[in-house]
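Here is how the chains run, residue by residue.
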Amino acid sequence: MIIFVCVVFQLRSVSVDLNNDVSLLIDIPDALCERDKVKFTVHTKTTLSVFQKPEFSVPRQHEDFIWLHDTLVETEEYAGLIIPPAPPKPDFESPREKMHKLGEGEATMTKEEYTKMKQELEAEYLAVFKKTVQVHEVFLQRLSSHPVLSKDRNFQIFLEYDQDLSVRRKNAKEMFGGFFKNMVKSADEVLISGVKEVDDFFEQEKTFLLDYSTKIKDSTTKAERMTRAHKNVADDYIHVAAILNSISAEENTALKNFTFLQKVEGRVASDQELKLTELLRYYTRDIQAAKDLLYRRARALADYENSNKALDKARLKSKDVAQAEDNQRQCMQKFEKLSESGKKELTSFKGRRVVAFRKNLVEMAELEIKHAKNSVSLLQGCIETLKNC
Amino acid sequence: MAAERDPPPPGDAGQARFGEAEDGEDLFVGAVGALESNPSSPEPASLPAEDISANSNGPKLVDSFLDDDPDDLFAEATEEVSLDSPEREPILSDGPSPAITPIMAPRIDSTLFDQALEEEEDNGDTFDICISVSDPEKVGDGMNAYMAYKVTTKTSLSVFSQNELSVRRRFSDFLGLHSKLASKYMHSGYIVPPAPEKSIVGMTKVKVGKEDSSSTEFVEKRRSALERYLMRTVKHPVMLKDPNVLQFLESSELPRAVSTQALSGAGILRMVNKAADAVNKMTIKMNESDAWFEEKQQQFENLDAQFRKLHASVESLVCHRKELSLNTASFAKSAAMLGNSEDHTALSRALSQLAEMEEKMEQLHMDQAYADFYLFAELLGDYVRLLTAVKGVFDQRMKTWSKWQDAQLMLQRKREAEAKLQYANKPDKLQQAKDEIKEEIVEWEGKVQQGERDFEQISKTIRKELGRFEKERVKDFKSVIIKYLESLVQTQQQLIKYWEAFLPEAKAIA
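Basis of the calculations
- Residues numbered from 1 in each chain as written.
- Chains lettered and ligands numbered in written order.
- Predicted model: local features only at pLDDT ≥ 70, side-chain atom pairs only at ≥ 80, totals over all residues.
- Heavy atoms only, no water.
- UniProt positions renumbered as here; feature names shortened; annotations may be inferred.
- Helix = DSSP H or I, 4+ residues; strand = E, 2+ residues; numbered from the N terminus.
- Buried < 20%, exposed > 50% of the residue type's maximum accessible area, 1.4 Å probe, protein only.
- Contact = heavy atoms within 4.5 Å.
- Areas by Shrake-Rupley, 256 points an atom, 1.4 Å probe, with all protein chains shown as cover.
- Pairing = 2+ DSSP bridges.
- Lys, Arg positive; Asp, Glu negative; His and termini not counted.
- Salt bridge = Lys/Arg side-chain N within 4 Å of Asp/Glu carboxyl O.
- Core = buried A, V, L, I, M, F, W, Y, C linked by side-chain atoms within 4.5 Å.
- Phe/Tyr/Trp six-rings, centres within 6.5 Å; stacked < 30°, edge-to-face > 60°.
- Lys NZ or Arg CZ within 6 Å of the ring centre and 35° of its normal.
- Buried area = accessible area lost by both parts, 1.4 Å probe.
- Polar contact = N/O pair within 3.5 Å; in protein donor to acceptor, adjacent residues only side chain to side chain.
- Nonpolar A, V, L, I, M, F, W, Y, C, P; charged D, E, K, R; others polar.
- pLDDT = per-residue confidence, 0-100.
- Axes fitted to C-alpha atoms, helices over the stretch in contact; angles between N-to-C directions.
- Parallel < 35°, antiparallel > 145°, perpendicular 65-115°, else oblique.
- Patch = residues over 30% accessible without salt bridge, like charges linked within 9 Å, V, L, I, M, F, W, Y side chains within 5 Å.
- Left-handed = near helix turned anticlockwise from the far one by under 90°.

- An unreviewed UniProt entry annotates chain A as PX domain-containing protein originating from Denticeps clupeoides.
- Checking UniProt for chain A, the heading Sequence similarities (unreviewed entry) contains the comment "Belongs to the sorting nexin family."

Below is the structure:
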């Protein structure tokens, strides 16, 4: 059982320009990890009068975030918006498994090796922890910086309600039963591609998003594998360094520096993970959210077309015409509203995505260069020492 | 007894010392006799001080009744040696006693060894020989096919007929060379560099003609291993001067080494011998009174374990790095597709650039994996095998000691038999039997002498060999590690180039 209390640095790498509207500032300054459960401290600073206090903090669990996300998705009013993707569940599986293996293999390693491996593992735990805090924070910040969503009542309750949210969560589940979400999952591809598009913009977006979402999912998986392999290489150096140390105790103190090789490879691996893999992961989810919007709009279009047909039928039969006209008008309004807001959202989404990619790719390149230059000087120093001894 | 412990006069070196051993514990009466014969010896050998303690295994039994003050015993020994120093020579040259086994031949070589060591020490860097193994070529077809390698020797040493020689050899030739050297030198305590391992799977692939990357890798691995094997062999001053080695490097035609085949008569004999050795190892319990050897043996056991672990770790490193390379390639393809799909032009271009760069990284990682392997892992593999040879040398010493002990035992029995004869009452047969027994006693005295000499010699040789081994090992590792680190530097520098080329592309996203 591992308990982490962590003061987290703001690692806002996947979304930029959030949290600079002074009227509503949100962050997660610390979090506690107990076994599987992570407790986030959500801290809000606001000038808005809708809140009771100008500054406050509440403890929240991952499930609370999911509840908030789902309620937003189920809200009809927001059908024309891209709802920020829900943060994924905190996953300590990988480091936990490694810790287990380490415990089993303790007898076969030297004390030094074991200590180093343990340190590495603790760093990994910490990294997972930081990532999950970051991704939960970004979710809230996306909401707070959205002109419409930031005013959502449930969002405000989430931020402010100082009691346990679990009662509310249960009620919500009973009300909606996740109906809408399930529908989306099974039907979106078919519906989106099946509906005849009247608007060029949406036609393009549809083609793009469908294709892109497959590609980015694939890239995420491949990036994850690449990063994991890199970590393995780094870990191997721990063992190599430890044994070399014990063999060459007398002759080469320079060989003690072999442990830095692990750092060299390890830093490269973890930076790549943070900048590249995390980026891809986040946008895979975000693309899905955009697709959900398209789905809702496609649904609305289908309804609109159906209502037109119904109106024609009613007119033919001269029965319930007023009702049909009413229905048709509503559908049309809904559809047009969705289209208008959808266009805005998708355009800003693209902008956001491009900016985030640029930032991360640039930062990754700069970090890789820095690490490589560091390694070169360390390695050359080591070579010099060896040559001279 | 006390009187007998007076420091003996130089001339009668051992006699007085072992005089008291007459009544039953006489082991060395004849032994030191040889010390005085053949005072003429051409070589001024350098006798390191350690030789003295080599004696300590000898007088073990004498210790038991000269039990107090072992220091005195050693003090005597010191005096002996220092005074008799030139007379110690005879141990190195042909002893007077009849050869019990064909150990005689190396006697000569060990003189050469001392000489060579002297030369090496005097001349420092003029050990000038460079061997390369290259141009693997497949000869023949089907299951009788084999790979022939070009062996080029570049040297300025006078032992060779030319400065540059080139011959073609096949793998079994190398094994044959090793086999000859092993049978000649191993039992004297020389660490004979082991030959590369056979690989049925690898060779079959090559024979069958599979032109894939795994068989080219196999051939390259073997070529590199053969080269290291030869270099290690010629670095050994004694091996370098061995006619087999010279023949191997020089003559264009070499008799086919059939006995290296696993299923040949010689192969089966080898297996039987190996089994016998293993059994013997378990049954011989040597009284190690030389702390130096005990310590060294333990040290090498530890080193062996460490090397095996290290080898395993490095192989894991190679494996993971290859995996990294494959995963990078896979990611590169995926990133390219993502770039194609991306509708923002600048981002699309950047993603394509990223993909291209990752492709280059894939190759870089693969190259680094090869460096990991060829520099590091293979060297460690060599050393794991070398350490087996080192351990073998300790075993040889044990065998030599055992032979010596056996000879002593026989001598004792013969003496007992002689003593019995004294009290027998068959006067007519008595004289004949007495003569016979006397002859046998002389014979066994000789064997005991020989045994002790062999034991001392092998101990001495092993000390030198271990010293050499340690020096070589440190040098070897240092040079390989430096090369390895340099390979890492290159990789990192290349990485910098790639990322620096990518950075403006990333910045150009607008």
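So, the overall build of chain B
For step 1, the next point in the chain: When its secondary structure is counted, chain B shows 15 helices and three strands.
For step 2, the next point in the chain: A total of 510 residues make up chain B; the buried ones form 48% of that total.
For step 3, the next point in the chain: A sequence separation of at least 24 residues applies to 77% of the contacts in chain B between residues at least 6 apart.
For step 4, the next point in the chain: Of the accessible surface of chain B, which amounts to about 24,600 Å², a share of 55% is contributed by carbon and sulfur atoms.

Description of unusual backbone geometry
For step 1, the next point in the chain: A positive phi is found at D320 of chain A, a non-glycine position, where the angle reads about 50°.
For step 2, the next point in the chain: Locating D320 of chain A in the fold gives a position in the loop between α8 (259–317) and α9 (321–388).
For step 3, the next point in the chain: For D135 of chain B, which is not glycine, the phi torsion reads 50° and is therefore positive.
For step 4, the next point in the chain: For D135 of chain B, the location among the structural elements is in strand β1 (residues 129–139).

Description of the pairing of strand β3 (residues 37–46) of chain A
Residues and elements named next belong to chain A.
For step 1, the next point in the chain: Where strand β2 (residues 24–34) lies against β3, nine bridges are found, and the strand directions are antiparallel. Note that in β3 the partner of I26 across the bridge is T44.
For step 2, the next point in the chain: Where β2 folds back on β3, the antiparallel hairpin that results is connected by two residues, among which R35 adopts a positive phi of roughly 50°.
For step 3, the next point in the chain: By the bridge criterion, seven bridges tie β3 to strand β4 (residues 55–61) in an arrangement that is antiparallel. Looking across to β4, one finds that T44 is bridged to F56.

So, the side chain of D271 of chain A
For step 1, the next point in the chain: Along the chain, the position of D271 of chain A falls in helix α8.
For step 2, the next point in the chain: Here D271 of chain A occupies a buried position and makes no salt bridge, while the nearest side chain of opposite charge, R267 of chain A, is found at 4.6 Å.

As for the nonpolar core
For step 1, the next point in the chain: Residues L346 and F357 of chain A together with F307, L354, L485 and W499 of chain B are the most contacted members of the largest nonpolar core, which totals 101 residues.
For step 2, the next point in the chain: If you list the elements that add at least two residues to this core, you get α3 (111–144), α7 (200–247), α8 and α9 of chain A together with α13 (291–341), α14 (345–422) and α15 (427–507) of chain B.
For step 3, the next point in the chain: The element contributing the most residues to this core is α14 of chain B, with 21 residues.
For step 4, the next point in the chain: Core analysis: the second largest hydrophobic core is formed by 35 residues, M147, F174, M203 and M231 of chain B among them.

Quick look at the packing of aromatic side chains
For step 1, the next point in the chain: By the definition in use, this model includes 25 aromatic pairs over all chains.
For step 2, the next point in the chain: For the pair F92 of chain A and F129 of chain A, a centre-to-centre distance of 6.4 Å together with 35° between the ring planes defines the contact as tilted. Note that F92 of chain A is positioned in the loop between α1 (62–74) and α2 (93–105) and F129 of chain A in helix α3, a separation of 37 residues in sequence.
For step 3, the next point in the chain: One aromatic cluster in this structure is built from W292, F293, F300, F307, Y383, F394, F469 and F477 of chain B.
For step 4, the next point in the chain: The ring of F202 of chain A carries the charged tip of R297 of chain A above its face, separated from the ring centre by 3.6 Å.
For step 5, the next point in the chain: The ring of W444 of chain B is capped by K447 of chain B, whose NZ or CZ atom sits 3.9 Å from the centre of that ring.

A short note on the interface of chain B and chain A
For step 1, the next point in the chain: Across the boundary between the two partners, chain B contributes 53 residues, which contact 59 residues of chain A.
For step 2, the next point in the chain: Here chain B packs against chain A, burying approximately 5,100 Å² in sum over the two surfaces, 71% of which is carbon and sulfur.
For step 3, the next point in the chain: The interface formed by chain B and chain A includes six salt bridges.
For step 4, the next point in the chain: Its salt-bridge partner being E366 of chain A, residue K507 of chain B comes within 3.8 Å of it at the nearest N-O pair.
For step 5, the next point in the chain: Where chain B meets chain A, there are 18 residue pairs in polar contact (both at pLDDT 80 or more).
For step 6, the next point in the chain: Elements supplying a minimum of two residues to the side of chain B that touches chain A: α13, α14 and α15 of chain B.
For step 7, the next point in the chain: Counted by class, the side of chain B that touches chain A contains 28 nonpolar, 13 polar and 12 charged residues.

What about the confidence of the model for chain B?
Residues and elements named next belong to chain B.
For step 1, the next point in the chain: Taken as a whole, chain B shows an average pLDDT of 74; of its residues, 71% reach a score of 70 or greater.
For step 2, the next point in the chain: Counted against residues more than four places away or in other chains, residues 1–125, with its pLDDT under 50, gives 161 contacts.
For step 3, the next point in the chain: As scored by the predictor, the complex reaches a pTM of 0.73 and an ipTM of 0.85.

Notes on the pattern of salt bridges
For step 1, the next point in the chain: Summed over all chains, the structure comprises 48 salt bridges over all chains.
For step 2, the next point in the chain: Three or more residues joined by partner-sharing salt bridges are found here, namely E197, R228, R232, E378, D382, R385 and D476 of chain B.

Regarding the packing of α8 of chain A against α9 of chain A
All names here are of chain A.
For step 1, the next point in the chain: Contact geometry for α8 and α9: axes closest at 9 Å, N-to-C directions at 170°. Of the possible angle classes, the one that applies to α8 and α9 is roughly antiparallel.
For step 2, the next point in the chain: Considering only residue class, the contact of α8 with α9 consists of 34 nonpolar, 10 polar and 15 charged.

Observations concerning the sheet that holds β1 of chain B
All names here are of chain B.
For step 1, the next point in the chain: Pairing is antiparallel in the open sheet, where three strands are placed in the order β1-β2-β3. Of all strands in the sheet, those with a lone pairing partner are β1 and β3 (164–170), marking the two edges. In this sheet, neighbouring strand axes are inclined to one another by 20° on average, regardless of whether the strands run parallel or antiparallel.
For step 2, the next point in the chain: Where strand β2 (residues 146–155) and β3 come together, seven bridges link them in antiparallel fashion. The residue bridging T152 from the neighbouring strand is S166, located in β3.
For step 3, the next point in the chain: Relative to β1, helix α9 (residues 213–235) is tilted by about 150°, and along the sheet it contacts β1 and β2.

Quick word on the pairing of β2 of chain B
Residues and elements named next belong to chain B.
For step 1, the next point in the chain: Burial analysis of β2 places seven of its 10 residues in the buried class, which makes it a mostly covered element.
For step 2, the next point in the chain: Note that β1 and β2 share nine bridges and pair antiparallel. The residue bridging I131 from the neighbouring strand is T153, located in β2.

Brief notes about the environment of F56 of chain A
For step 1, the next point in the chain: Along the polypeptide, F56 of chain A turns up in strand β4.
For step 2, the next point in the chain: On the basis of relative accessible area, F56 of chain A is assigned to the buried category, the value being 8%.

Observations concerning a nonpolar patch on the surface
All names here are of chain B.
For step 1, the next point in the chain: A surface patch of nonpolar side chains, amounting to about 280 Å² of accessible area, comprises I268, M271 and V272.
For step 2, the next point in the chain: Among the structural elements, M271 can be located in helix α12 (residues 265–283).
For step 3, the next point in the chain: Residue classification places M271 among the exposed residues on the basis of a relative accessible area of 51%.

Observations concerning the packing of α9 of chain B against helix α11 (residues 243–250) of chain B
Residues and elements named next belong to chain B.
For step 1, the next point in the chain: Viewed as axis vectors pointing N to C, α9 and α11 meet at an angle of 140°, and their least axial separation amounts to 11 Å. One way to sum up the angle between α9 and α11 is to call them oblique. Between α9 and α11 the crossing geometry is left-handed. For the pair α9 and α11, the contacting residues are L230, T233 and V234 in the first and V245, F248 and L249 in the second.
For step 2, the next point in the chain: Across the contact of α9 with α11, the residue classes tally to five nonpolar, one polar and no charged.

Focus on helix α4 (residues 153–160) of chain A
Residue and element names in this part refer to chain A.
For step 1, the next point in the chain: Of all eight residues making up α4, seven are buried, and the element is well covered by its neighbours.
For step 2, the next point in the chain: For α4, every residue scored as buried is listed here: N154, F155, Q156, I157, F158, L159 and E160.
For step 3, the next point in the chain: One side-chain oxygen of the residue at the start of α4 lies 2.9 Å from the amide nitrogen of N154, identifying that residue as D152.

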